[in-house]
Amino acid sequence: MTKATAEARANIALIKYWGQSDPRLNLPLTSSISMTVDKLVTRTTVEPDASLKADTLSINGVAQAGAPLARAQRHLDRLRQRAGSAAFCRVASENTFAASAGLASSASAFAALTVAGFAALGAKVSEREMTTFARLGSGSAARSIHGGFVEWRAGPTHEASYAEPLAPASHLDLHDVVVVLSEGEKKVGSSEGHGLAETSPLNAGRVARVPALLAEVREGILHRDIKKLGRAAQEDALLMHAVMMTSTPSLLYWTPGTVAGLHAVRRWREEGLMVYATIDAGPNLHLLCAGRDAPEAARRAREELAPAALLDNAPGEGARLVAAHLF
Ligand code: DP6
(Lines give C-alpha, C1' and ligand atoms only; values in the text may rest on other atoms or scores of the structure.)
Protein backbone atom coordinates (compact mmCIF):
# COMPACT_ATOMS: atom_id res chain seq x y z
CA MET A 1 0.00 0.00 0.00
CA THR A 2 1.19 3.43 -0.88
CA LYS A 3 0.11 7.02 -1.40
CA ALA A 4 -1.44 7.54 -4.85
CA THR A 5 -2.83 10.55 -6.73
CA ALA A 6 -5.10 10.59 -9.75
CA GLU A 7 -6.51 13.26 -11.98
CA ALA A 8 -9.86 12.97 -13.76
CA ARG A 9 -12.00 15.28 -15.84
CA ALA A 10 -15.75 15.84 -15.96
CA ASN A 11 -17.75 14.82 -19.01
CA ILE A 12 -20.70 16.29 -20.84
CA ALA A 13 -23.34 13.76 -21.86
CA LEU A 14 -24.43 13.97 -25.51
CA ILE A 15 -27.00 11.24 -24.81
CA LYS A 16 -28.02 11.44 -21.16
CA TYR A 17 -28.10 9.01 -18.27
CA TRP A 18 -31.44 9.63 -16.59
CA GLY A 19 -33.26 6.96 -14.59
CA GLN A 20 -32.04 3.64 -13.24
CA SER A 21 -33.02 0.00 -13.57
CA ASP A 22 -31.12 -0.74 -10.34
CA PRO A 23 -30.47 2.18 -7.95
CA ARG A 24 -28.21 0.10 -5.69
CA LEU A 25 -25.77 -0.68 -8.52
CA ASN A 26 -26.40 2.52 -10.52
CA LEU A 27 -27.52 0.50 -13.54
CA PRO A 28 -29.07 2.99 -16.00
CA LEU A 29 -32.31 2.71 -17.98
CA THR A 30 -30.41 3.46 -21.21
CA SER A 31 -26.87 3.59 -22.54
CA SER A 32 -25.34 7.07 -22.74
CA ILE A 33 -22.56 8.82 -24.70
CA SER A 34 -20.33 11.64 -23.51
CA MET A 35 -17.30 13.74 -24.25
CA THR A 36 -14.71 14.06 -21.51
CA VAL A 37 -13.82 17.76 -21.18
CA ASP A 38 -10.39 19.29 -20.63
CA LYS A 39 -10.99 22.11 -18.13
CA LEU A 40 -13.09 20.61 -15.31
CA VAL A 41 -10.43 18.69 -13.42
CA THR A 42 -10.42 16.87 -10.06
CA ARG A 43 -7.15 15.78 -8.46
CA THR A 44 -7.36 13.31 -5.58
CA THR A 45 -4.73 11.81 -3.27
CA VAL A 46 -5.46 8.64 -1.28
CA GLU A 47 -3.18 7.36 1.48
CA PRO A 48 -4.04 4.18 3.40
CA ASP A 49 -2.94 4.48 7.03
CA ALA A 50 -3.17 1.62 9.55
CA SER A 51 -3.37 4.09 12.45
CA LEU A 52 -6.64 5.70 11.19
CA LYS A 53 -9.94 4.70 12.86
CA ALA A 54 -12.00 5.92 9.88
CA ASP A 55 -11.54 7.47 6.44
CA THR A 56 -11.06 11.24 6.31
CA LEU A 57 -11.83 13.53 3.37
CA SER A 58 -10.94 17.11 2.57
CA ILE A 59 -12.23 18.93 -0.51
CA ASN A 60 -10.41 22.09 -1.62
CA GLY A 61 -8.73 22.17 1.79
CA VAL A 62 -11.96 21.91 3.83
CA ALA A 63 -12.44 18.85 6.08
CA GLN A 64 -15.73 17.11 5.17
CA ALA A 65 -18.36 15.51 7.42
CA GLY A 66 -21.93 14.32 6.87
CA ALA A 67 -23.22 13.21 3.47
CA PRO A 68 -20.15 13.95 1.28
CA LEU A 69 -17.86 12.06 3.69
CA ALA A 70 -20.32 9.16 4.00
CA ARG A 71 -20.58 8.86 0.21
CA ALA A 72 -16.79 8.73 -0.15
CA GLN A 73 -16.52 6.20 2.71
CA ARG A 74 -19.09 3.93 1.06
CA HIS A 75 -17.03 4.07 -2.12
CA LEU A 76 -13.78 3.33 -0.30
CA ASP A 77 -15.52 0.31 1.32
CA ARG A 78 -16.23 -1.06 -2.18
CA LEU A 79 -12.61 -0.50 -3.27
CA ARG A 80 -11.28 -2.11 -0.07
CA GLN A 81 -13.51 -5.13 -0.53
CA ARG A 82 -12.27 -5.62 -4.12
CA ALA A 83 -8.65 -4.98 -3.10
CA GLY A 84 -8.82 -7.32 -0.09
CA SER A 85 -7.66 -4.56 2.25
CA ALA A 86 -8.98 -3.26 5.57
CA ALA A 87 -6.97 -0.03 5.77
CA PHE A 88 -8.76 3.27 6.28
CA CYS A 89 -7.59 6.11 4.09
CA ARG A 90 -6.74 9.80 4.24
CA VAL A 91 -8.24 11.46 1.14
CA ALA A 92 -7.74 14.97 -0.19
CA SER A 93 -9.39 16.28 -3.33
CA GLU A 94 -9.17 19.51 -5.29
CA ASN A 95 -11.46 20.77 -8.05
CA THR A 96 -10.78 23.45 -10.61
CA PHE A 97 -14.47 24.41 -10.49
CA ALA A 98 -17.38 24.95 -8.08
CA ALA A 99 -19.00 21.71 -6.89
CA SER A 100 -22.75 21.22 -7.45
CA ALA A 101 -23.03 24.08 -9.96
CA GLY A 102 -24.45 21.65 -12.52
CA LEU A 103 -20.97 21.00 -13.89
CA ALA A 104 -21.10 17.23 -13.21
CA SER A 105 -18.47 17.38 -10.49
CA SER A 106 -19.33 13.94 -9.12
CA ALA A 107 -18.14 12.32 -12.36
CA SER A 108 -14.58 13.61 -12.10
CA ALA A 109 -14.61 13.13 -8.30
CA PHE A 110 -15.52 9.44 -8.34
CA ALA A 111 -13.35 8.67 -11.39
CA ALA A 112 -10.33 10.19 -9.60
CA LEU A 113 -11.17 8.51 -6.28
CA THR A 114 -11.52 5.11 -7.96
CA VAL A 115 -8.21 5.31 -9.85
CA ALA A 116 -6.24 6.73 -6.90
CA GLY A 117 -7.98 4.42 -4.39
CA PHE A 118 -7.25 1.18 -6.27
CA ALA A 119 -3.62 2.23 -6.83
CA ALA A 120 -3.20 3.14 -3.15
CA LEU A 121 -4.73 -0.14 -1.99
CA GLY A 122 -2.56 -2.11 -4.40
CA ALA A 123 -5.36 -3.62 -6.53
CA LYS A 124 -4.72 -4.37 -10.20
CA VAL A 125 -7.96 -3.87 -12.14
CA SER A 126 -8.54 -3.58 -15.88
CA GLU A 127 -9.78 -0.31 -17.37
CA ARG A 128 -13.17 -1.90 -17.97
CA GLU A 129 -13.52 -2.98 -14.36
CA MET A 130 -12.30 0.46 -13.27
CA THR A 131 -15.30 2.00 -15.10
CA THR A 132 -17.74 -0.35 -13.33
CA PHE A 133 -16.38 0.64 -9.91
CA ALA A 134 -16.43 4.35 -10.77
CA ARG A 135 -20.09 3.79 -11.77
CA LEU A 136 -20.93 2.50 -8.28
CA GLY A 137 -19.77 5.87 -6.86
CA SER A 138 -21.61 8.01 -9.41
CA GLY A 139 -23.10 6.71 -12.65
CA SER A 140 -21.57 9.33 -14.92
CA ALA A 141 -18.12 8.74 -13.36
CA ALA A 142 -17.87 5.52 -15.39
CA ARG A 143 -17.53 7.67 -18.53
CA SER A 144 -14.81 9.93 -17.04
CA ILE A 145 -12.36 7.00 -16.77
CA HIS A 146 -11.84 7.36 -20.52
CA GLY A 147 -10.84 10.44 -22.48
CA GLY A 148 -12.45 11.76 -25.65
CA PHE A 149 -15.75 10.23 -26.74
CA VAL A 150 -17.17 7.49 -24.54
CA GLU A 151 -20.18 5.18 -24.47
CA TRP A 152 -21.49 3.69 -21.23
CA ARG A 153 -23.34 0.50 -22.07
CA ALA A 154 -26.42 0.13 -19.89
CA GLY A 155 -25.80 -3.58 -19.30
CA PRO A 156 -28.05 -5.79 -17.18
CA THR A 157 -25.44 -6.58 -14.47
CA HIS A 158 -22.59 -4.92 -12.57
CA GLU A 159 -19.97 -6.45 -14.88
CA ALA A 160 -21.89 -5.66 -18.09
CA SER A 161 -22.56 -2.00 -17.26
CA TYR A 162 -19.21 -0.51 -18.28
CA ALA A 163 -17.92 2.44 -20.28
CA GLU A 164 -15.74 2.11 -23.39
CA PRO A 165 -14.01 4.59 -25.66
CA LEU A 166 -15.67 5.42 -29.01
CA ALA A 167 -12.93 7.77 -30.25
CA PRO A 168 -9.94 9.54 -28.68
CA ALA A 169 -9.94 13.25 -27.84
CA SER A 170 -7.85 13.99 -30.94
CA HIS A 171 -10.47 12.49 -33.30
CA LEU A 172 -12.96 15.37 -33.30
CA ASP A 173 -12.57 19.00 -32.24
CA LEU A 174 -15.98 19.30 -30.59
CA HIS A 175 -16.16 22.02 -27.94
CA ASP A 176 -18.44 22.35 -24.93
CA VAL A 177 -18.78 26.05 -24.13
CA VAL A 178 -20.30 26.04 -20.64
CA VAL A 179 -22.48 29.08 -20.04
CA VAL A 180 -22.79 29.24 -16.24
CA LEU A 181 -26.02 31.04 -15.49
CA SER A 182 -26.09 30.34 -11.78
CA GLU A 183 -23.40 29.02 -9.47
CA GLY A 184 -25.95 28.22 -6.76
CA GLU A 185 -26.23 24.68 -5.35
CA LYS A 186 -28.92 22.64 -7.05
CA LYS A 187 -32.06 21.84 -5.03
CA VAL A 188 -32.60 18.27 -6.18
CA GLY A 189 -29.39 16.47 -7.17
CA SER A 190 -29.21 13.86 -9.91
CA SER A 191 -28.93 11.00 -7.42
CA GLU A 192 -32.45 11.73 -6.15
CA GLY A 193 -33.72 12.76 -9.60
CA HIS A 194 -32.97 9.38 -11.20
CA GLY A 195 -35.57 7.79 -8.93
CA LEU A 196 -38.26 10.10 -10.29
CA ALA A 197 -37.78 9.40 -14.01
CA GLU A 198 -40.24 6.53 -14.06
CA THR A 199 -42.98 8.66 -12.50
CA SER A 200 -43.14 10.66 -15.75
CA PRO A 201 -45.55 9.46 -18.43
CA LEU A 202 -43.02 10.70 -20.99
CA ASN A 203 -40.16 8.50 -19.72
CA ALA A 204 -41.22 5.46 -21.78
CA GLY A 205 -41.24 7.66 -24.89
CA ARG A 206 -37.72 8.87 -24.24
CA VAL A 207 -36.42 5.38 -23.47
CA ALA A 208 -37.91 4.14 -26.76
CA ARG A 209 -36.29 7.01 -28.71
CA VAL A 210 -32.79 6.77 -27.17
CA PRO A 211 -31.45 3.83 -29.27
CA ALA A 212 -31.97 5.83 -32.49
CA LEU A 213 -30.37 8.93 -30.94
CA LEU A 214 -27.40 6.88 -29.67
CA ALA A 215 -26.87 5.62 -33.23
CA GLU A 216 -26.96 9.17 -34.62
CA VAL A 217 -24.44 10.43 -32.08
CA ARG A 218 -22.13 7.43 -32.68
CA GLU A 219 -22.26 8.08 -36.44
CA GLY A 220 -21.80 11.81 -35.95
CA ILE A 221 -18.67 11.17 -33.89
CA LEU A 222 -17.30 8.56 -36.31
CA HIS A 223 -17.84 10.78 -39.40
CA ARG A 224 -16.93 14.03 -37.62
CA ASP A 225 -20.45 15.31 -38.39
CA ILE A 226 -21.13 17.89 -35.67
CA LYS A 227 -24.49 18.84 -37.17
CA LYS A 228 -25.71 15.26 -36.89
CA LEU A 229 -24.47 14.66 -33.34
CA GLY A 230 -25.45 18.15 -32.17
CA ARG A 231 -29.02 17.78 -33.41
CA ALA A 232 -29.41 14.38 -31.71
CA ALA A 233 -27.74 15.58 -28.48
CA GLN A 234 -30.03 18.60 -28.29
CA GLU A 235 -33.13 16.47 -28.89
CA ASP A 236 -32.13 14.12 -26.08
CA ALA A 237 -31.46 16.99 -23.66
CA LEU A 238 -34.96 18.34 -24.36
CA LEU A 239 -36.45 14.85 -23.95
CA MET A 240 -34.68 14.44 -20.59
CA HIS A 241 -35.91 17.81 -19.36
CA ALA A 242 -39.46 16.99 -20.54
CA VAL A 243 -39.23 13.85 -18.38
CA MET A 244 -37.87 15.88 -15.44
CA MET A 245 -40.60 18.53 -15.69
CA THR A 246 -43.37 15.93 -15.86
CA SER A 247 -42.10 13.78 -12.97
CA THR A 248 -43.82 13.68 -9.57
CA PRO A 249 -42.60 15.82 -7.92
CA SER A 250 -41.78 17.94 -10.95
CA LEU A 251 -38.15 18.91 -11.51
CA LEU A 252 -37.77 22.28 -13.22
CA TYR A 253 -34.07 23.07 -13.57
CA TRP A 254 -34.50 25.80 -16.18
CA THR A 255 -34.45 29.48 -15.29
CA PRO A 256 -35.58 32.32 -17.58
CA GLY A 257 -31.90 32.57 -18.60
CA THR A 258 -31.92 28.94 -19.76
CA VAL A 259 -34.94 29.56 -21.99
CA ALA A 260 -33.44 32.80 -23.35
CA GLY A 261 -30.31 30.80 -24.16
CA LEU A 262 -32.26 28.14 -26.06
CA HIS A 263 -33.94 30.85 -28.15
CA ALA A 264 -30.58 32.53 -28.79
CA VAL A 265 -28.93 29.25 -29.89
CA ARG A 266 -31.75 28.64 -32.37
CA ARG A 267 -31.33 32.17 -33.77
CA TRP A 268 -27.54 31.80 -34.03
CA ARG A 269 -28.05 28.62 -36.04
CA GLU A 270 -30.48 30.42 -38.37
CA GLU A 271 -27.78 33.08 -38.77
CA GLY A 272 -25.32 30.39 -39.89
CA LEU A 273 -23.39 29.51 -36.70
CA MET A 274 -23.48 25.74 -36.23
CA VAL A 275 -24.14 25.43 -32.51
CA TYR A 276 -26.44 23.19 -30.46
CA ALA A 277 -27.34 23.22 -26.79
CA THR A 278 -27.43 20.59 -24.09
CA ILE A 279 -28.39 21.00 -20.43
CA ASP A 280 -27.70 18.76 -17.39
CA ALA A 281 -29.54 18.72 -14.04
CA GLY A 282 -29.19 22.47 -13.60
CA PRO A 283 -29.86 25.77 -15.41
CA ASN A 284 -26.53 26.04 -17.27
CA LEU A 285 -26.29 25.79 -21.05
CA HIS A 286 -23.59 23.73 -22.72
CA LEU A 287 -22.99 24.99 -26.26
CA LEU A 288 -21.82 22.20 -28.57
CA CYS A 289 -19.92 23.41 -31.62
CA ALA A 290 -16.76 22.98 -33.66
CA GLY A 291 -13.59 24.30 -32.03
CA ARG A 292 -13.24 26.93 -34.78
CA ASP A 293 -16.74 28.26 -33.93
CA ALA A 294 -16.26 28.23 -30.15
CA PRO A 295 -14.80 31.78 -29.84
CA GLU A 296 -17.79 33.22 -31.73
CA ALA A 297 -20.29 31.14 -29.70
CA ALA A 298 -18.59 32.33 -26.50
CA ARG A 299 -18.58 35.96 -27.70
CA ARG A 300 -22.32 35.87 -28.44
CA ALA A 301 -23.10 34.10 -25.16
CA ARG A 302 -21.18 36.78 -23.21
CA GLU A 303 -22.90 39.58 -25.08
CA GLU A 304 -26.47 38.25 -25.02
CA LEU A 305 -26.81 35.88 -22.05
CA ALA A 306 -24.92 37.72 -19.27
CA PRO A 307 -23.33 34.54 -17.86
CA ALA A 308 -21.88 34.40 -14.32
CA ALA A 309 -18.96 32.51 -15.86
CA LEU A 310 -18.05 30.90 -19.16
CA LEU A 311 -15.72 28.01 -19.87
CA ASP A 312 -14.65 26.80 -23.34
CA ASN A 313 -13.85 23.09 -23.11
CA ALA A 314 -12.11 21.01 -25.75
CA PRO A 315 -12.12 17.18 -25.60
CA GLY A 316 -10.08 16.03 -22.60
CA GLU A 317 -8.01 13.03 -21.50
CA GLY A 318 -9.12 10.13 -19.33
CA ALA A 319 -8.39 9.53 -15.65
CA ARG A 320 -4.74 8.76 -14.84
CA LEU A 321 -2.25 8.53 -12.01
CA VAL A 322 -0.03 11.59 -11.57
CA ALA A 323 3.13 12.13 -9.55
CA ALA A 324 2.21 15.34 -7.68
CA HIS A 325 0.45 14.42 -4.42
CA LEU A 326 -1.82 16.89 -2.62
CA PHE A 327 -0.23 16.16 0.78
C1 DP6 B 1 -28.18 14.86 -15.89
O2 DP6 B 1 -25.95 10.23 -11.01
O3 DP6 B 1 -23.99 10.58 -12.59
O4 DP6 B 1 -25.81 14.79 -15.68
O5 DP6 B 1 -25.89 12.63 -8.90
O6 DP6 B 1 -23.89 13.97 -9.49
O7 DP6 B 1 -23.69 11.49 -9.06
P8 DP6 B 1 -24.55 12.62 -9.53
O9 DP6 B 1 -24.72 12.41 -11.12
P10 DP6 B 1 -25.18 11.14 -11.90
O11 DP6 B 1 -26.21 11.73 -12.98
C12 DP6 B 1 -25.86 12.51 -14.07
C13 DP6 B 1 -27.10 12.99 -14.74
C14 DP6 B 1 -26.93 13.98 -15.87
C15 DP6 B 1 -26.85 13.29 -17.23
C16 DP6 B 1 -25.54 12.60 -17.57
O17 DP6 B 1 -24.46 13.07 -17.18
O18 DP6 B 1 -25.61 11.59 -18.30
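Residues numbered from 1 in each chain as written. Predicted model: local features only at pLDDT ≥ 70, side-chain atom pairs only at ≥ 80, totals over all residues. Heavy atoms only, no water.

1. With respect to the sheet that holds strand β10 (residues 174-180)
Judged by pairing direction, the sheet is antiparallel, and its 4 strands sit side by side in the order β11-β12-β10-β13 without closing on themselves. The open sheet has two edge strands with one neighbour each: β11 (275-278) and β13 (309-313). The sheet shows a mean angle of 20 degrees between the axes of neighbouring strands, taken without regard to direction. Running at roughly 30 degrees to β11, helix α7 (residues 226-245) makes contact with β10, β11 and β12 (285-290) of the sheet. The strands that helix α9 (residues 294-305) touches are β10, β12 and β13; relative to β12, the one it contacts most, it runs at about 150 degrees. (Pairing = 2+ DSSP bridges. Helix = DSSP H or I, 4+ residues; strand = E, 2+ residues; numbered from the N terminus. Axes fitted to C-alpha atoms, helices over the stretch in contact; angles between N-to-C directions. Contact = heavy atoms within 4.5 Å.)

2. A few points about helix α6 (residues 203-222)
Relative to the 28 Å expected for 20 residues at 1.5 Å per residue, α6 spans 28 Å between its end C-alpha atoms, a close match to the ideal helical length. Those residues of α6 that are buried are in contact with β1 (4-15), β4 (32-48), β8 (149-152), β9 (163-167) and α7. Looking at the residues trailing α6, positive phi occurs at Arg224, about 50 degrees. (Expected span 1.5 Å × (residues − 1).)

3. Examining the packing of aromatic side chains
Tallying each qualifying case throughout the model produces 2 aromatic pairs. Seen in terms of ring centroids, Tyr17 and Trp152 are 4.7 Å apart; in terms of plane orientation they differ by 70 degrees. Their pairing is edge-to-face. Taken together, the residues span a long stretch of sequence, with Tyr17 in the loop between β1 and β2 (20-22) and Trp152 in strand β8 at a distance of 135 residues. Since its relative accessible area comes to 9%, Tyr17 is described here as buried. According to the relative accessible area criterion, Trp152 is buried, its value standing at 0%. Taking the centre distance of 5.2 Å and the plane angle of 75 degrees together, the rings of Phe118 and Phe133 count as edge-to-face. Residue Phe118 is found in helix α2 (residues 105-121), and its partner Phe133 is found in helix α3 (residues 127-137); the two are separated by 15 residues along the sequence. Judged by relative accessible area, which is 8%, Phe133 ranks as buried. The side chain of Arg128 reaches across the aromatic face of Tyr162, ending 3.8 Å from its centre. (Phe/Tyr/Trp six-rings, centres within 6.5 Å; stacked < 30°, edge-to-face > 60°. Buried < 20%, exposed > 50% of the residue type's maximum accessible area, 1.4 Å probe, protein only. Lys NZ or Arg CZ within 6 Å of the ring centre and 35° of its normal.)

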